[in-house]
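# A look at the structure
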Amino acid sequence: MSQVTHRSATLSPYGRSTSPELPPRAAWFLEGVLAAGLGLGVLTVLVLLLWIISPYPDNGAGGALRIAADLWLLGHGSGLVRTETLSGVPAPVALTPLLLVIPPVWLLYRACVQALAYGGETDGGGSGDGTVPGTGPGNGGHGADGYGGGEHGRPGPLTPLACVAGGYLLTAAVTVLFASAGPVRADALSALVRLPLFVACVAVAAMWPGGAGAPAETQADGTEPDGTQGAPGRGQGREPGHEPGHEPPHVAAHEPAHEPGRGPLDWPAAPAGSAGRTTGRRRLRASVLHDARTLARRLSRLRTVLTATAVLCGGGLLITLCALLWHADDVRAAFPRLAGDSWTGQFAVLLLVVALLPNAAVWAAAYGLGPGFALGAGSSVGLLAEGGTARLPSFPLLEALPTADGGHGLLAFAAAAVPLAAGSTVGWYVARAAVPEPGQARGSVSREATVCVVALVACECGAGTAALAAMSGGPLGTGAMAFLGPDWWLTGAAAAAWTLLVGLPVALAVRAWRLREPGPDDDWHETAARRTRWAELKTASGGLMPDFEPRRD
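Computed from a prediction, not measured in an experiment: that's the story for all the values here.

### Side note on the overall build of the protein
- Tallying secondary structure elements over the protein gives 16 helices and 6 strands in all.
- For the protein, restricting intrachain contacts to residue pairs at least 6 apart in sequence, the fraction spanning at least 24 positions comes to 71%.
- Only carbon and sulfur atoms are counted for the fraction: they give 65% of the accessible area of the protein, which is about 29700 Å².

### Quick look at a nonpolar patch on the surface
- The grouping of Leu49, Ile52, Ile53, Leu99, Ile102, Trp343, Phe347, Leu350 and Val354 at the surface amounts to a nonpolar patch, some 840 Å² of accessible area in total.
- Every element with two or more residues in the nonpolar patch is listed here: α2 (24–53) and α11 (343–369).
- Of the residues forming the nonpolar patch, the biggest block, 4 residues, is contributed by α11.
- Structurally, Phe347 can be placed in helix α11.

### Structural notes on the side chain of Thr491
- With respect to the secondary-structure elements, Thr491 resides in helix α15 (residues 488–516).
- For Thr491, a relative accessible area of 2% translates into the label buried.
- Side-chain polar atoms of Thr491 contact the backbone oxygen of Asp487, separated by 2.7 Å.
- Excluding anything up to four places from it in sequence, Thr491 contacts Ala366, Leu369, Pro371, Thr465, Ala469 and Pro486.

### Overview of the pattern of salt bridges
- Within the structure shown, the criterion is met by 3 salt bridges.
- For Glu460, the salt bridge is made with Arg301, and the minimal N-O distance between the two is 3.0 Å. With Glu460 in helix α14 (residues 447–472) and Arg301 in helix α9 (residues 301–326), this residue pair connects regions lying 159 residues apart in the sequence.
- The exposure class assigned to Arg301 is partly exposed, which follows from its relative accessible area of 28%.
- The shortest N-O distance in the salt bridge between Arg337 and Glu399 comes to 3.6 Å. Residue Arg337 is found in helix α10 (residues 328–339), and its partner Glu399 is found in helix α12 (residues 396–399); the two are separated by 62 residues along the sequence.
- A relative accessible area of 22% means that Glu399 is categorised as partly exposed.

### Points about α10
- Between its terminal C-alpha atoms α10 stretches 18 Å, which fits the 16 Å expected from 12 residues at 1.5 Å a residue.
- Val331, Ala334 and Phe335 are the residues of α10 that are buried. The buried residues of α10 occupy an angular sector of 105 degrees when the element is viewed end-on, so they sit on one face. Pointing more than 90 degrees away from the buried face of α10 are the exposed residues Asp329, Arg332 and Arg337.
- On its buried face, α10 sits against α9, α11 and α12.
- Just beyond α10, the residue with positive phi is Gly340, at close to 70 degrees.

### Section: the nonpolar core
- Residues Trp72, Leu73, Leu108, Cys112, Val164, Tyr168 and Phe198 are the most contacted members of the largest nonpolar core, which totals 39 residues.
- Mapped by element, the contributors of at least two residues to this core are α2, α3 (61–74), α4 (102–122), α5 (158–178) and α6 (188–207).
- Beyond its immediate chain neighbours, meaning those up to four positions away, Val164 contacts Trp28, Glu31, Gly32, Leu108, Ala111, Cys112 and Ala115.
- In terms of nonpolar packing, the next biggest core, distinct from the first, is built from 33 residues, Ile319, Leu357, Leu401 and Leu411 among them.

### As for the packing of α2 against α3
- Two elements in contact, α2 and α3, have axes whose closest approach is 8 Å; the angle formed by their N-to-C orientations is 135 degrees. Accordingly, the angle class assigned to the pair α2 and α3 is oblique. Crossing angle aside, the handedness with which α2 passes α3 is right-handed. On the side of α2, the interface is formed by Ala36, Gly39, Leu40, Leu43, Thr44, Val47, Leu48 and Trp51, while α3 contributes Ala61, Ala64, Leu65, Ile67, Ala68, Ala69, Leu71 and Trp72.
- For the contact of α2 with α3, the class distribution of residues is 14 nonpolar, 2 polar and no charged.

### Topic: the packing of aromatic side chains
- Enumeration over the complete set of coordinates arrives at 2 aromatic pairs.
- Seen in terms of ring centroids, Trp72 and Tyr168 are 5.9 Å apart; in terms of plane orientation they differ by 35 degrees. Their pairing is tilted. Note that Trp72 is positioned in helix α3 and Tyr168 in helix α5, a separation of 96 residues in sequence.
- For Trp72, a relative accessible area of 2% gives the class buried.
- Between the NZ or CZ atom of Arg66 and the centre of the ring of Phe178, over which it lies, the distance is 5.3 Å.

### Description of the sheet that holds strand β6 (residues 484–485)
- Taken in spatial order, the 3 strands line up as β5-β4-β6 in an open sheet, and their pairing is antiparallel. The two strands at the open ends of the sheet, each matched to only one other strand, are β5 (380–381) and β6.
- Relative to β6, strand β4 (residues 373–375) runs antiparallel, the two being bridged by 2 bridges. Bridging from a neighbouring strand, Ala374 pairs with Gly485 of β6.

### Some thoughts on the confidence of the model for the protein
- With 69% of its residues at a pLDDT of 70 or more, the protein has an overall mean of 76.
- Across residues 1–20 the pLDDT falls below 50, and counting only partners more than four positions away or on other chains, this stretch makes 11 contacts in the model.
- In the model, residues 123–152 has pLDDT below 50 throughout and makes 38 contacts with residues more than four positions away in sequence or in other chains.

### Let's talk about α6
- With 20 residues, α6 extends 29 Å between its outermost C-alpha atoms, agreeing within 8% with the 28 Å of an ideal straight helix rising 1.5 Å per residue.
- Turning to α6, its buried residues are Ser190, Ala191, Leu195, Phe198, Val199, Val202, Ala203 and Ala206.

### Concerning the environment of Ile319
- Topologically, Ile319 is positioned in helix α9.
- Of the residues examined, Ile319 reaches a relative accessible area of 11% and is grouped as buried.
- A C-alpha to C-alpha distance of 6.6 Å links Ile319 and Ala364, two positions 45 residues apart in sequence.

### Let's talk about the sheet that holds strand β3 (residues 184–186)
- Spatially, β2-β1-β3 is the arrangement adopted by the 3 strands of the open sheet, whose pairing is antiparallel. Two strands close off the open sheet at either side, each with one partner strand: β2 (91–93) and β3. Between one strand axis and the next, the sheet turns by 35 degrees as a mean value, whatever way the strands run.
- Direction of pairing for strand β1 (residues 80–82) relative to β2: antiparallel, over a ladder of 3 bridges. Along β2, the bridge assignment pairs Leu80 with Val93.
- Across the face of the sheet, α3 comes into contact with β1, β2 and β3 while running at roughly 50 degrees to β3.

Calculation criteria
Residues numbered from 1 in each chain as written. Predicted model: local features only at pLDDT ≥ 70, side-chain atom pairs only at ≥ 80, totals over all residues. Heavy atoms only, no water. Helix = DSSP H or I, 4+ residues; strand = E, 2+ residues; numbered from the N terminus. Contact = heavy atoms within 4.5 Å. Areas by Shrake-Rupley, 256 points an atom, 1.4 Å probe, with all protein chains shown as cover. Patch = residues over 30% accessible without salt bridge, like charges linked within 9 Å, V, L, I, M, F, W, Y side chains within 5 Å. Salt bridge = Lys/Arg side-chain N within 4 Å of Asp/Glu carboxyl O. Buried < 20%, exposed > 50% of the residue type's maximum accessible area, 1.4 Å probe, protein only. Polar contact = N/O pair within 3.5 Å; in protein donor to acceptor, adjacent residues only side chain to side chain. Expected span 1.5 Å × (residues − 1). Arc of directions from axis to C-beta. Core = buried A, V, L, I, M, F, W, Y, C linked by side-chain atoms within 4.5 Å. Axes fitted to C-alpha atoms, helices over the stretch in contact; angles between N-to-C directions. Parallel < 35°, antiparallel > 145°, perpendicular 65-115°, else oblique. Left-handed = near helix turned anticlockwise from the far one by under 90°. Nonpolar A, V, L, I, M, F, W, Y, C, P; charged D, E, K, R; others polar. Phe/Tyr/Trp six-rings, centres within 6.5 Å; stacked < 30°, edge-to-face > 60°. Lys NZ or Arg CZ within 6 Å of the ring centre and 35° of its normal. Pairing = 2+ DSSP bridges. pLDDT = per-residue confidence, 0-100.

The following block contains the structure:
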């Protein structure tokens, strides 16, 4: 065997036992450059394809490349400025198509996760003793870079993310400089603020699942993975969350000592007077907080919030598609008015409509929530307050807007059902986590804790909906196009209120139903059923089975 075949270096940049050819920081920096370049390249190929097949392009290849750069910046939330207007006044273009946000987020998130994974390998993460490298005695948990690094100067988790972000932002800066010329140019101030914020949010999201703040899982019986009891007082004939003797330290600190002769399930007698009432209220509040923390750990809040938000936006998308079908003739007539008879121009308009469909779904969700959305200065559309609509340009999505004479009453009722579905989803998830085993009180939490967790999830749903509403709107010009989209804080507050008002009764009703519902294996463990099974086994064995009564250990 030759030396070349015996000890040849692997071609993979990750997982090598020897030192990589490039320093880790340079590799991470190139990961960020590659992530930005891939997203920019996809849009460039698409725009150049449309430019090639267009029979009469207005600009050359340089103009097509600038359009691709503008779209890439717009997908990061950075604003643009349109200089060639009829009035001569530059008009802002800051409405971000949400479909353009998905590729940059995925590419940057993937680059950050890969850098963090490779950084864990260089930190010696495979020690197997459960300790984090660089956090041993004498190191204080900080490495050479000041944040979780190894004792030999290995980089911590912030170093890979900083390198990836640096490469991504460098590519973005070059793109901003390239897009600073032309009829639609990049807004340098908006890019200076929005691009680093975009990168920071994605980097935090990539680091969050592996951080120490990830919620611990709770087993179905109310115990934690290490075997400790998650919610005391279950399955012993008392109201969930009120078993003395198993209180957490912050509850036991306020409890009187156990008196001899008193049953283990009886509360110690509280002092008479105002001191006793204060102690009882403190004890009840501490027990409710403990149960709420147990339920919050057991419930996957991120999945619950994402599911409720997906139901809300999915319902909005369905309402949008129904509205487009309702006004199909007007929508079809808008394509030739915008692009003429050129099929390439109409195809480009169709691509723009598809890119804006997620925005329209969020707008429809805001319409169903009540606040609605604005259509320029002084005009709005909503279920609760519908103002006059301004004169808007001909665009397929704008042709499907609800009007007073459009006969959209059925769509309005359907839009109102969307927040009901989202709130019911939250209530269902919380109730299933509050009572993990149907028909069994063991592992369940109290009604007060269920109410607290529903309120917490409602606030998180409101925050997520407000963020989507803020991202889905923006100006497309001046006058009637000064601002399009929902008001973010009104939409978020309405989403939180709908989720709380609908999810709370659903959660309490499902919790009560699951507590009354018999367990799935109750009939299997009945004495008569066990005797029947034992007799059948004894008969089938031909007398080989011993003759003794079956027991249940």
